[in-house]
Amino acid sequence: VDMILTYKPDVLLIHPCPLDTQRHKDGVFSDNVTEMLEWSYKQIEELYDAVKQIGEEDNTDFVWMSDHGQLTVLYWSRPVTLLTKAGLITLERV
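Below is a short write-up of the structure.

What counts as what
Residue positions within a chain follow its written sequence, with the count starting from 1. Local features in a predicted model are, by the rule used here, given only for residues with pLDDT of at least 70; side-chain atom pairs are given and counted only at 80 or more, and totals for whole chains, interfaces and linings are based on all residues. Remark: hydrogens and water are excluded; side-chain values derive from all non-hydrogen atoms of the structure. Basic side-chain nitrogens of Lys or Arg form a salt bridge, by our definition, when they fall within 4 Å of a carboxyl oxygen of Asp or Glu. Here a strand is any run of E in DSSP of at least two residues, a helix any run of H or I of at least four, and the numbering for each starts at the N terminus. Residues enter patches when they are more than 30% accessible in relative terms and free of salt bridges; like-charged ones are connected within 9 Å and nonpolar ones (Val, Leu, Ile, Met, Phe, Trp, Tyr) within 5 Å. In these tables, accessible area is a Shrake-Rupley quantity obtained with a 1.4 Å probe, and a residue counts as shielded only by the protein chains included in the view. Relative accessibility decides the category of a residue: with a 1.4 Å probe and only protein chains considered, values under 20% of the type maximum give buried, values over 50% give exposed, and everything between is partly exposed. An arc is given here, and it is the one of the directions from the helix axis to the C-beta atoms. Contact criterion: two residues are considered in contact whenever any of their non-hydrogen atoms come within 4.5 Å of each other.

Summed over all chains, the structure comprises one salt bridge. When the shortest N-O distance is used, the salt bridge between Glu-46 and Lys-42 registers 2.9 Å. Of this pair, Glu-46 and Lys-42 both sit in helix 3 (residues 31-53), four residues apart, roughly one helical turn.

Right, here's the structure in full:
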(Lines give C-alpha, C1' and ligand atoms only; values in the text may rest on other atoms or scores of the structure.)
Protein backbone atom coordinates (compact mmCIF):
# COMPACT_ATOMS: atom_id res chain seq x y z
CA VAL A 1 0.00 0.00 0.00
CA ASP A 2 2.81 2.40 0.91
CA MET A 3 4.51 1.77 -2.44
CA ILE A 4 1.30 2.60 -4.31
CA LEU A 5 0.69 5.77 -2.32
CA THR A 6 4.32 6.93 -2.47
CA TYR A 7 5.56 5.87 -5.91
CA LYS A 8 2.40 5.24 -7.98
CA PRO A 9 4.11 2.37 -9.84
CA ASP A 10 3.18 1.37 -13.37
CA VAL A 11 3.56 -2.32 -12.44
CA LEU A 12 3.54 -3.94 -9.02
CA LEU A 13 3.97 -7.69 -8.59
CA ILE A 14 2.97 -9.25 -5.29
CA HIS A 15 3.27 -12.85 -4.15
CA PRO A 16 0.98 -13.80 -1.26
CA CYS A 17 3.64 -15.84 0.52
CA PRO A 18 1.66 -16.75 3.64
CA LEU A 19 -0.97 -18.55 1.57
CA ASP A 20 1.64 -20.43 -0.47
CA THR A 21 3.60 -21.36 2.64
CA GLN A 22 0.49 -22.55 4.48
CA ARG A 23 -0.61 -24.74 1.57
CA HIS A 24 2.82 -26.33 1.38
CA LYS A 25 2.68 -26.95 5.13
CA ASP A 26 -0.94 -28.10 5.59
CA GLY A 27 -2.09 -29.16 2.12
CA VAL A 28 -4.71 -27.48 0.01
CA PHE A 29 -7.60 -27.41 2.49
CA SER A 30 -7.28 -26.56 6.16
CA ASP A 31 -8.48 -23.95 8.62
CA ASN A 32 -5.06 -22.28 8.39
CA VAL A 33 -5.31 -22.10 4.59
CA THR A 34 -8.80 -20.58 4.87
CA GLU A 35 -7.40 -18.00 7.29
CA MET A 36 -4.58 -17.16 4.85
CA LEU A 37 -7.10 -16.84 1.98
CA GLU A 38 -9.09 -14.37 4.06
CA TRP A 39 -5.85 -12.49 4.84
CA SER A 40 -5.03 -12.40 1.10
CA TYR A 41 -8.48 -11.02 0.25
CA LYS A 42 -7.98 -8.30 2.87
CA GLN A 43 -4.61 -7.41 1.33
CA ILE A 44 -6.19 -7.13 -2.13
CA GLU A 45 -8.92 -4.91 -0.72
CA GLU A 46 -6.29 -2.65 0.86
CA LEU A 47 -4.39 -2.48 -2.45
CA TYR A 48 -7.55 -1.55 -4.31
CA ASP A 49 -8.35 1.13 -1.72
CA ALA A 50 -4.85 2.59 -2.15
CA VAL A 51 -5.30 2.68 -5.94
CA LYS A 52 -8.64 4.44 -5.42
CA GLN A 53 -6.99 6.90 -3.04
CA ILE A 54 -4.54 8.03 -5.74
CA GLY A 55 -7.37 8.21 -8.29
CA GLU A 56 -6.10 5.44 -10.58
CA GLU A 57 -8.83 2.80 -10.19
CA ASP A 58 -10.06 3.34 -13.77
CA ASN A 59 -6.51 2.98 -15.13
CA THR A 60 -5.53 -0.08 -13.13
CA ASP A 61 -5.87 -3.79 -13.93
CA PHE A 62 -5.57 -6.33 -11.15
CA VAL A 63 -4.39 -9.78 -12.23
CA TRP A 64 -4.20 -12.60 -9.70
CA MET A 65 -2.24 -15.64 -10.79
CA SER A 66 -0.46 -18.57 -9.27
CA ASP A 67 3.12 -19.65 -9.69
CA HIS A 68 1.96 -23.28 -9.78
CA GLY A 69 -1.04 -25.44 -9.13
CA GLN A 70 -1.34 -26.75 -5.62
CA LEU A 71 -1.97 -30.34 -4.71
CA THR A 72 -1.85 -31.91 -1.29
CA VAL A 73 1.67 -33.26 -0.81
CA LEU A 74 1.87 -36.68 0.80
CA TYR A 75 5.46 -37.58 -0.08
CA TRP A 76 8.60 -35.53 -0.69
CA SER A 77 11.27 -36.37 -3.21
CA ARG A 78 14.76 -34.91 -3.20
CA PRO A 79 16.42 -36.32 -6.31
CA VAL A 80 19.67 -34.40 -5.82
CA THR A 81 20.10 -35.93 -2.36
CA LEU A 82 19.39 -39.43 -3.70
CA LEU A 83 21.80 -39.02 -6.62
CA THR A 84 24.53 -37.63 -4.35
CA LYS A 85 24.17 -40.45 -1.81
CA ALA A 86 24.32 -42.98 -4.66
CA GLY A 87 27.59 -41.39 -5.82
CA LEU A 88 26.12 -40.50 -9.21
CA ILE A 89 26.75 -36.77 -8.84
CA THR A 90 28.94 -34.56 -6.69
CA LEU A 91 28.19 -31.09 -5.47
CA GLU A 92 30.67 -28.24 -5.20
CA ARG A 93 30.35 -25.52 -2.60
CA VAL A 94 30.47 -22.07 -4.12
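So, about a nonpolar patch on the surface. A surface patch of nonpolar side chains, amounting to about 450 Å² of accessible area, comprises Val-80, Leu-83, Leu-88, Ile-89 and Leu-91. Position of Leu-83 relative to the elements: it lies in helix 4 (residues 79-85).

What helix 2 (residues 17-26) keeps buried is the set Leu-19, Asp-20 and Gln-22. End-on view of helix 2: buried residues confined to an arc of 165 degrees, all on one side of the axis. Exposed positions of helix 2 whose direction lies more than 90 degrees from the buried face are Thr-21 and Lys-25. Where the residues of helix 2 are buried, they touch helix 3. In the segment just after helix 2, Gly-27 is the residue with positive phi, at about 95 degrees.

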